[in-house]
Amino acid sequence: MSTSAPPLHIITVGHVDHGKSTLLGRLLYDTDSLSQEQLAALHEASAAEGKKLELAFVLDAFLEEQAENITMDITHIPFRTSERHYVMMDAPGHKEFLKNMLTGASCAEAAILLISIVDGLQEQTRRHVQLLSLLGIDQVIVVINKLDLVNFSQEAFELVSQLTQKLFQEWALPVPWIIPTAASLGENIASLSSQMPWYEGQTVLQCLDMLTPKKFLEKGPLRFVVQDIYSSEKFPLVVGRVESGSLRVSEKLIFWPQERGERRARVRSIEEWGASSPPQHAFAGESVAITLEESILVQRGDIASRPQQTPLQCTDLNVRLFWLEALSLRVDQKIFLLLGTQRLLARVTFIENIVDATTMKLIQRSPCSLHQHEVADVCFHLHQPLVFDYYDELPVTGRLAIESEKGLVGAGIIIRKKNESRS
Amino acid sequence: MKHLDLLESKSIYLLREAFNAFPHLCMLWSMGKDSNVLLWLTKKAFVGRIPYPVLHIDTTYEFPEMLEFRTWAQCYYRFELVIKINEEARAGRGSYTTSIGYETHDPVTVTHELKTVALQQCMQEHSFDGLITGIRRDEDATRAKERYFSPRDAHFKWDYKDQPPELWNHFSIKKWPGGHTRIQPLLDWTELDIWRYIERENIPIPQMYFARNGKRYRSLGCSPITQPIESHASTIPEIIEELLQTRHSERAGRAQDHHERHAMQKLRARGFL
Ligand SMILES: Nc1nc2c(ncn2[C@@H]2O[C@H](COP(=O)(O)OP(=O)(O)OP(=O)(O)O)[C@@H](O)[C@H]2O)c(=O)[nH]1
């Protein structure tokens, strides 16, 4: 196993009570991943709540979570198999904790979707699938759980399995694996179940090791997001992170947005404290400090690119948006868009294609507004141009967060306008 | 990108975001391994500078070796050091009717008064609005639920039932009178990552982490309530090897965590790290 590869981030999602925390607890338990203290605490907590062994308590650590047997907030648990390292994130299934689910999902590379065979596809099952699709998480392991409650019936499994495949098709998501399990009993989790001889696929653990890790965008177009400018004895230090592509000493950069004339400058040096020799390159994912040959005005919010493969800049945008706030989003409302380190005030000009996640139907509403937990296509108008890429071309600079005085209230991806073709 | 490089880069990103967002930022430093990694990352983020004051909450129950390290490190790194003791609590003056200490009180009470309350006093005295901490998710089940930017009100309360969302690289930078935001750049790091990074970068740490006479400290807190573990690991590679084998939690030797069920949650809800 390579210890130098970053861990794969996986989130468990699904409707409340379908067994997300239990599945992760079981996985940790069956692979001997819990420390003696964690095991002792698990037994103590289970006994205190009058239960035999409640594996969900490994993740659900808050006393309120244990008393009510629900997950309130996302938990990150490191986990390793003989193949590689993982960070498992347990998301809550309650509607009121959707913002916490989204927080975890925004850093996940793959998901495990749990569906209880007794309840089938429920409201949050459908909503979570919609969000996975919106966030571009297209590696999903579907786990149909609690088969012990239907006598491990293959027929019952096939039925829910078909409905699930249909749902995934509707959201244009591939379905690589569907696994029948009983998480609390450990059936098909870390070892194959003897109760379901009709199942010929993999266990949850085996499927994990078949997922593909996220690729770094070293070969993509350069997007260097500027966080700040620090003064130093010699030249000002432009600090930020290479979100895509790579940059080299002595190469020419363009800083965006371009307003009054172009801002071009060559990279004089990459500065690194304690480095034995000054670095000559920086690649996607790296936080760096650079100095420039030419003295131009650079500020937080700027994005640098190469002279070719430039980003777009525009004062009108189309965003597919998931709205988190109880207070609806209205046409004409002013709100901040956050992309990279840009924070720009924008006005809502149009809201269309509001989809009801549970029925997949379009919602008509007049005057038009976007309610909590709905997804729609929203047009924004800005005074200053926003620098971006279309999400389908470069996700890192194609997604944004929405901020109001309440904090972060929405997440979205930048899509093309209807009759706009690929550039 | 390699795992340690990615962790380092994200922590640097978070430190720079914090420095940009909070005009009165400070960093907690307990002289322990995580704190020293934080100092190191600060030097990297600001290309050799430490641009905010470094805070040591002194409970007066510190190991003498740790205090020696404090003096040494301040000379070595050259930062502005703020040392804070809750003098009233130790002396039983002011709002305290008796002197608070491990001799007379349980570890949860002492931790709250000498660490959390002392920190509260210090934050108020200096009007700090951002506090960089070195907590990690793998240390404790409630820390596993933390955010990178975590808002606290004037009473230090952690509103764990309603934490703000964090989306990609966007965090909640809320400011209100008397409150502050905790910035937690080491959340993603595990104990093993910390040791591998200390080894790779050759970061100075106190000698108490290395085995002497069959014992070493795995986590360092107040001397009366911190127990060493049985160990012969006297070098970093040996420590890493030991951690790969162990079935014990890192903070098993820290009494305040295990005083009662949910002790950490109760301490942390009231502002403990
Ligand atoms: N019979 C049976 N019960 C199960 C199974 N898996 C989980 N459960 C039970 O279902 C209940 C809910 O499980 P959790 O793991 O807490 O569910 P969750 O999806 O994490 O719930 P939230 O996070 O609150 O949405 C618990 O009482 C579990 O013991 C299973 O395979 N069979």
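Relevant structure appears above.
What counts, and where the lines are drawn
- Residues numbered from 1 in each chain as written.
- Chains lettered and ligands numbered in written order.
- Predicted model: local features only at pLDDT ≥ 70, side-chain atom pairs only at ≥ 80, totals over all residues.
- Heavy atoms only, no water.
- Contact = heavy atoms within 4.5 Å.
- Salt bridge = Lys/Arg side-chain N within 4 Å of Asp/Glu carboxyl O.
- Polar contact = N/O pair within 3.5 Å; in protein donor to acceptor, adjacent residues only side chain to side chain.
- Helix = DSSP H or I, 4+ residues; strand = E, 2+ residues; numbered from the N terminus.
- Nonpolar A, V, L, I, M, F, W, Y, C, P; charged D, E, K, R; others polar.
- Buried < 20%, exposed > 50% of the residue type's maximum accessible area, 1.4 Å probe, protein only.
- Pairing = 2+ DSSP bridges.
- Right-handed = clockwise from strand over helix to strand, strands pointing away.
- Near = heavy atom within 4 Å.
- Areas by Shrake-Rupley, 256 points an atom, 1.4 Å probe, with all protein chains shown as cover.

**Observations concerning the interface of chain A and chain B**
Of the residues lining the interface, 71 residues belong to chain A; the matching set on chain B comes to 50 residues. Counting across the interface, chain A meets chain B through four salt bridges. The partner of A:Arg300 in a salt bridge is B:Glu17, with the nearest N and O atoms 2.9 Å apart. Summed over the shared surface of chain A and chain B, the number is 26 residue pairs in polar contact (both at pLDDT 80 or more). Among the elements that make up the side of chain A that touches chain B, the one with the highest residue count is helix α2 (residues 36-48) of chain A (seven residues). For the side of chain A that touches chain B, the per-class residue count stands at 32 nonpolar, 20 polar and 19 charged.

**Examining the pairing of strand β5 (residues 140-145) of chain A**
Residues and elements named next belong to chain A. Taken across its six residues, β5 has six buried, putting it largely inside the fold. Sheet topology places strand β4 (residues 110-116) next to β5; six bridges connect them, and they run parallel. Residue pairing across strands places Ala111 opposite Val140, the latter belonging to β5. Relative to strand β6 (residues 177-180), β5 is paired through four bridges, and the arrangement is parallel. In the strand pairing of β6, Val143 is matched with Ile179. Between the parallel elements β5 and β6, the chain passes through helix α6 (residues 154-170) in a crossover that is right-handed.

**A few points about the site of the ligand**
Residue and element names in this part refer to chain A. Around the ligand lies a shell of 22 residues, among which Lys20, Ser21, Thr22, Thr71 and Ala183 are the nearest. One of the backbone nitrogen or oxygen atoms of Gly93 is found 2.9 Å away from an oxygen atom of the ligand. The separation between an oxygen atom of the ligand and a polar main-chain atom of Ala183 is 2.8 Å. When the free accessible area of the ligand is taken as 660 Å², the share hidden by the protein chains comes to 88%. Considering every element that reaches the shell around the ligand, the biggest residue donor is helix α1 (residues 20-30), with three residues.

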